[in-house]
Amino acid sequence: MQTSAEDEPHSPGQRADKGRGAVLVTGGAGYIGSHILKAVEESGRPAVAFDDLSHGFLEACAWGELVQGDVRDTAALISAIERHDAVAVIHMAGLIEVGRSTVRPDLFWDQNVQGTASVLAAMRATAARRLVFSSSAAVYGHDPRGRWSDLLTEESPKDPASPYGDTKLAAERMIAASCAAFGLSAIALRYFNAAGADSSGRLGEAHHPETHLIPLTIQAALGQRGPLTVFGNDFDTPDGTCLRDYIHVADLAGAHVAALDAALEPGEFDAVNVGTGRGRSVFEVIEAVERALDRPVPRTIGARRAGDPPSLVADPSRAAARLGWRPRSSSLDEIVASAARWHAEPLYGDEGSGTPARPSARRA
Ligand code: UDP
């Protein structure tokens, strides 16, 4: 993979502006977290990943430092915040598989809700006053009267279709109440479908197991796994497959930096959608992968997946108004091309290779 000089990770001491406070990124060794570490460092702030490496990868902490720890361990969080003089926390650590949340809701409430309580307690005990929380479009409910062309605003009904969505909504509400009670300020970013990979070739998507459409489609085309199963083609949408709002992970990372900079009063909480406003169908994703790789995607049509609403597309206008943020690299072709480059030659997390996250001397 090619890298350019400006994509080289910073070594400690080379940061652009040491005057801006450090940011602790829980879950920083994960897919989205790793891209956030880079964006935070490029904004001139030291980035410190706090991650237990249960799902993340050491190699994903190419920008910033790593503190290994469990987010429910409040004392460890306090120590990491104090040692690095962090003034803000981006809280990403948590469980994300919607399907698994239906069979092990206990784990999701423990990690996602108890984990957030621990982060809030650590912030109250330290000088970290700004929180950016990794939330999800899963907080919205499916409106049976809705049409596929409807966009979700932050005021759309909240009635999550999964225990995963329940935990994200509960965490948001705990954060809002804690801001009001304890003078913290926070933004919850409700992610739509993060996809794609960093332009450096050093960071990309690596989940075990992989369940997301874009990596699975690319891997099917590359022969790295069997045919893709399209989960239903009889939805009330233009081509019968589900519509989702795919956002390039680098754009999503940029929204976190914008949220660190947002003007918020002490005690203030806001929730903001991070999407493009444009829905793409499963068949459109398959066509984009075929264009990017110039080869067919082997696929079969299967049954609907439980809990999949026909359409989840953001109204992104509050992100523009509140954060001054707009997507820059989120055309479907750009997303798919960057993901295809990564999956052709992933640096870590290859499911076939069984590369586990391993401890190393880079831990802070
Ligand atoms: N999807 C699919 N086959 C797969 C994985 C996903 O057809 O193997 C569909 C899924 O039903 C949804 C869309 O692709 O409509 C995006 O799914 P993904 O799991 O990537 O993200 P989600 O929208 O569930 O967060």
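Provided above is the structure to which this section pertains.
Summarised in this report is the structure supplied together with it. (Residues numbered from 1 in each chain as written. Predicted model: local features only at pLDDT ≥ 70, side-chain atom pairs only at ≥ 80, totals over all residues.)

Details of the sheet that holds strand E9 (residues 243-244)
In sheet architecture, strand pairing relies on hydrogen bonds along the backbone and comes in two forms, parallel and antiparallel. On the basis of which strands lie adjacent, the open sheet formed by three strands has the order E12-E9-E14 and mixed pairing. One side of each edge strand has no neighbouring strand; the edge strands of this open sheet are strand E12 (280-281) and strand E14 (311-312). (Pairing = 2+ DSSP bridges. Helix = DSSP H or I, 4+ residues; strand = E, 2+ residues; numbered from the N terminus.)

Some thoughts on the site of the ligand
Close to the ligand lie 14 residues, the nearest being His212, Leu213, Phe231, Cys242 and Asp308. For the shell around the ligand, the secondary structure elements donating two or more residues are helix H6 (213-221) and strand E8 (228-231). By residue number, the principal contributor to the shell around the ligand is E8, which donates four residues. Among the residues forming the shell around the ligand, the class breakdown is seven nonpolar, four polar and three charged. (Near = placed C-beta within 6 Å. Nonpolar A, V, L, I, M, F, W, Y, C, P; charged D, E, K, R; others polar.)

As for unusual backbone geometry
Of note, the amide linkage connecting His208 to Pro209 takes the cis form, showing an omega dihedral of 0°. Its identity is not glycine, yet Leu53 carries a phi of approximately 60°, on the positive side. Secondary-structure assignment places Leu53 in the loop between strand E2 (47-51) and strand E3 (65-68). Positive phi is not limited to glycine here, since Asp85 has a value of about 50°. You can see Asp85 is positioned in the loop between helix H2 (74-83) and strand E4 (86-91). On the basis of neighbour counts, which here come to 13 C-beta atoms within 10 Å, the residue Asp85 falls in the partly exposed class. (Buried ≥ 20, exposed ≤ 12 C-beta atoms within 10 Å, placed from the backbone.)

With respect to the packing of helix H8 (residues 282-293) against helix H10 (residues 332-344)
Contact geometry for H8 and H10: axes closest at 9 Å, N-to-C directions at 60°. By the angle between their axes, H8 is oblique relative to H10. In the packing of H8 onto H10, the handedness of the crossing is right-handed. For the pair H8 and H10, contact is made by Glu284, Val285, Ala288, Val289, Arg291, Ala292 and Leu293 and by Leu332, Asp333, Val336, Ala337 and Ala340, respectively. Among the residues making up the contact of H8 with H10, the classes are represented as nine nonpolar, no polar and three charged. (Axes fitted to C-alpha atoms, helices over the stretch in contact; angles between N-to-C directions. Parallel < 35°, antiparallel > 145°, perpendicular 65-115°, else oblique. Left-handed = near helix turned anticlockwise from the far one by under 90°. Contact = placed C-beta atoms within 7 Å.)

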